[in-house]
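Now for the letters of each chain:
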Amino acid sequence: MKVLGIESSCDETGVAIYDTENGLLAEKLYSQVAIHAPHGGVVPELASRDHVRKAVPLIQDVLKQAGITLQELEGIAWTAGPGLAGALLVGASLGQSLAWALDVPAVAVHHMEGHLLAPLLGDDPPDFPFVCLLVSGGHSLLVEVRALGMYRILGDTLDDAVGEAFDKTAKLLGLPYPGGKPLSDLAQHGDAKRFRFPRPMINRPGLDMSFSGLKTFTRVTWEENLASSQDTKTIDQLKADIAAGFQEAVVDTLTKKCQRALKQTGLRRLVVAGGVGANRALRQRLRETIKQHGGEVFFPALGWCTDNGAMIALAGGLRLAAGQYKPDAVIRVRPRWSLEELEPPGVS
Ligand code: KG4
Ligand code: ZN
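This text gives an overview of the structure that appears in the document. (Residues numbered from 1 in each chain as written. Chains lettered and ligands numbered in written order. Predicted model: local features only at pLDDT ≥ 70, side-chain atom pairs only at ≥ 80, totals over all residues. Heavy atoms only, no water.)

**Some details on the coordination of the zinc ion (ligand 2)**
Note the threshold: In this description, a donor is an N, O or S atom within 2.8 Å of the metal centre, a cutoff extended to 3.2 Å for sodium, potassium and calcium. Water is not part of the atom list, which can make sites seem incomplete. Every geometry call rests on angle ranges, with four donors termed tetrahedral when all angles are between 85 and 135 degrees, four termed square planar and six termed octahedral when opposite donors are over 155 degrees apart and all others are between 65 and 115, and everything else termed irregular. Counting from the N terminus, the helices are the DSSP runs of H or I reaching at least four residues and the strands are the DSSP runs of E reaching at least two. Each residue gets one of three labels from its accessible area relative to the maximum for its type: buried under 20%, exposed over 50%, partly exposed in between, using a 1.4 Å probe on protein chains only.
Around the zinc ion (ligand 2), the protein contributes the donor atoms H111 (NE2), H115 (NE2) and D307 (OD), at 2.0 to 2.1 Å from the metal centre. Here the zinc ion (ligand 2) is ringed by 4 donor atoms whose angles at the metal span 94 to 144 degrees, and the overall shape comes out irregular. Sequence spacing of the donor residues for the zinc ion (ligand 2), all on one chain, is H-x3-H-x191-D. Of this pair, H111 sits in helix α4 (residues 111-117) while D307 sits in the loop between α10 (302-305) and α11 (310-321), and the two are 196 residues apart along the sequence. Classification of D307 by relative accessible area gives buried; the value is 13%.

Structure, rendered in structure tokens:
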């Protein structure tokens, strides 16, 4: 079954065609980063308008890349939430209209389900069940994944999401938006031991997380030390040391929480998904630690960690192939939508 997937929940227009028999046929991604960067964050109205401009040409591109016509599509999937309402509406209206026009089944996909299934796009996909660490710009979740649509949230962030903490810290240090990647590049040149960043909630039982304290610690450390730094070289080193200390604290905290989640559930497979899953230091530490403890860890390819259309086409394809299809006469989006509300295909 050839399924078109459309992702437009935030600042990336992603489009892909996934074939449930033959895998991913084509994908295209357009990032709006350059549009939002001058504003230091995503401007919702600009995001929606740009999705409108880019979605149709991208669909034409993926059809060409896959070597099929619009009429050969057998299903349509789009991100219906969570995300920015206006941005989501672009993908939902386009997807739903295409499905009506082509008279093919359609499915509204949960963005985070797309993220957590993304490793299934790779050559070495994990089997169910597994624990998923879902770390993006808007979410920091530990999820027990029993099967498609069977999700239990084990831990959540009490304040900032990890990606958000990366972005805010990077902004403070004057790095470009989105700051996760630039901050992690800078951290490679820093001394993670110069400042002792707190390890939020590590000593408390449970799997919830909190990252706003780290952000405050960064600000105080930056302001205190900047005053005594005279030349550019010292300031650059200060920035790198703060970046390294911050990243080390995040990696330490996430690793401990993942180990705890595996122990608590009795599972041995860990999947890491979402934009922060692209972080090199996190990937390395989790690989070492989880292996040492007899577990296995899976990461999507870097391009499938951050937002993309392939993960939405995949999630939609799996659900449609399993028979999930209820014709809908309304275009609906769900800017707030918990993963736990999802059900396996065929339940309702
Ligand atoms: O999953 P994603 O593309 O979008 C959301 O659904 O939020 O995640 C974007 C987030 C941003 O906060 C970005 O700074 C962060 O992922 N990110 C990283 C890295 N690459 C992207 N954070 C740390 N290290 C990276 N290499
Ligand atoms: Zn995302």
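**Some words on the nonpolar core**
Keep this limit in mind: Joining through side-chain atoms within 4.5 Å is the link that ties buried Ala, Val, Leu, Ile, Met, Phe, Trp, Tyr and Cys residues into a set, and such a set is a nonpolar core. What fixes the domain bounds is an automatic or database domain assignment. Between two residues, a contact is recorded if the distance between any of their heavy atoms is within 4.5 Å.
Formed by 53 residues in total, the largest nonpolar core has its most connected members in L4, C132, L134, Y151 and L339. It is α11 that provides the largest number of residues to this core, a total of 7 residues. Of the domains in this structure, domain 1 (2-117 + 304-341) and domain 2 (128-299) are the two that each give at least three residues to this core. Residues contacting L134, with those up to four places away along its chain left out, are M112, H115, L116, H139, S140, L141, V143, A273, G274 and L339. Judged by nonpolar contacts, the second largest core, of 41 residues, contains A187, A244, A249 and L262.

**Quick look at unusual backbone geometry**
Cis peptide bonds are those with omega within 30 degrees of zero, and the linkage from F128 to P129 qualifies with -10 degrees. The topology assignment puts P129 in the loop between α4 and β6 (130-135). Residue P178 follows Y177 across a cis peptide bond; omega there is -10 degrees. In the Ramachandran plot, D103 falls in the positive-phi region, its phi being about 55 degrees despite a non-glycine side chain. Position of D103 relative to the elements: it lies in the loop between α3 (85-102) and β5 (106-110). Residue D103 is classed as exposed on the basis of its relative accessible area of 69%. Here the phi dihedral of M201 falls at roughly 60 degrees; this positive angle occurs in a residue that is not glycine. Note on placement: M201 falls in the loop between α6 (180-187) and α7 (212-226). The class of M201 is buried, set by a relative accessible area of 16%.

**What about α3?**
Heads up, the condition is: An expected span of 1.5 Å times one less than the residue number is assigned to each helix.
Counted at 1.5 Å a residue, the expected span for α3 with its 18 residues is 26 Å, and the 25 Å between its end C-alpha atoms agrees. Residues of α3 that are buried make contact with β1 (2-7), α2 (44-66), β4 (75-81) and β5. In the stretch just after α3, D103 is the one whose phi turns positive, near 55 degrees.

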